[in-house]
Amino acid sequence: MYRRRVLRLGGAALALSATAGCLGGGVSGDSKHVSMAEDFAFSPERVRIVPETTVRWVNDSDVGHTVTAYEAGIPERAAYFASGGFEAERAARNDVQGGLIAAGESYEHTFDTPGTYEYLCVPHESSGMTGTVVVG
Ligand SMILES: [Cu+2]
C-alpha cells in the first residue's frame, strides 16, 4: 500500500518536471523544443540545457531543413550528431537530401556531455541558419 503510493507520487513528480522543462526549467531528462520556422532560422537560436536533456527540432516550415553539428564546434569528447544519422560533418554535407527533416517532421538528440555545441542547416547555412546548444 505504502509502496504503491510512493510510485504514484513518482509519476506525478515526473509529469511536473516535464512541464517545468517546457517553461525553461532545467531538470535532467527533460526535453527542449526548437522550431525551424519560415524565416530560415532555428528558434530559439540558442538553448541552454542540463546534461541528459533531449532537444527536439520540429520543422514548422514547408521546406526541408537539416540539423547538422559543426564537427569542430562540439566538445571534444561528445558524440557527433546530425539529422540523417551521419557520423561526420563531411558526410552530412555530401548528402543534403539524406539529412533533410521534411515539413512537419522532427529530429531529436540527447546531450550528455557538458559544453557548447554549434550546428547548422546545410541548405540554409549561407542564410545564417545556425544554432547553439549549451549543456551544463
Ligand atoms: Cu534550413
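Below or above, wherever it landed, is the structure these notes cover. Because the structure is a prediction, the values reported are computed rather than measured. (Residues numbered from 1 in each chain as written. Predicted model: local features only at pLDDT ≥ 70, side-chain atom pairs only at ≥ 80, totals over all residues.)

**Overview of the pairing of strand S7 (residues 115-120)**
Phase 1 of the analysis: With two bridges connecting them, strand S5 (residues 68-69) and S7 associate as antiparallel partners. Note on S7: the bridge partner recorded for Ala69 is Tyr119.
Phase 2 of the analysis: In the sheet, S7 pairs with strand S8 (residues 130-135) via six bridges, with the strands oriented antiparallel. Along S8, the bridge assignment pairs Tyr119 with Gly131. (Pairing = 2+ DSSP bridges. Helix = DSSP H or I, 4+ residues; strand = E, 2+ residues; numbered from the N terminus.)

**Quick word on the sheet that holds strand S2 (residues 42-43)**
Phase 1 of the analysis: Pairing is mixed in the open sheet, where four strands are placed in the order S2-S1-S4-S6. Two strands bound the open sheet, and with one partner strand each, they are S2 and strand S6 (106-111).

**Side note on the nonpolar core**
Phase 1 of the analysis: Counting 24 residues, the largest nonpolar core has Val55, Tyr117 and Val133 as its most contacted members.
Phase 2 of the analysis: Sorting elements by how many residues they give to this core places S7 first, with three residues. (Core = buried A, V, L, I, M, F, W, Y, C linked by C-beta atoms within 7 Å. Buried ≥ 20, exposed ≤ 12 C-beta atoms within 10 Å, placed from the backbone.)

**Structural notes on the environment of Ser106**
Phase 1 of the analysis: Here Ser106 is to be found in strand S6.
Phase 2 of the analysis: For the pair Ser106 and Asn59, spaced 47 residues apart in sequence, the C-alpha to C-alpha distance is 5.9 Å.
Phase 3 of the analysis: Among all residues touching Ser106, those that are not within four sequence positions of it are Arg56, Trp57, Val58, Asn59 and Ile101. (Contact = placed C-beta atoms within 7 Å.)

**What about unusual backbone geometry?**
Phase 1 of the analysis: Geometrically, the link from Ser43 to Pro44 is a cis peptide bond, its omega value of 0° lying close to zero.
Phase 2 of the analysis: Mapped onto the elements of the fold, Pro44 is located in the loop between S2 and strand S3 (46-49).
Phase 3 of the analysis: Phi at Phe40 takes a positive value of approximately 50°, unusual for a residue other than glycine.
Phase 4 of the analysis: Looking at where Phe40 falls in the secondary structure, it is placed in the loop between strand S1 (31-36) and S2.
Phase 5 of the analysis: On the basis of neighbour counts, which here come to 17 C-beta atoms within 10 Å, the residue Phe40 falls in the partly exposed class.

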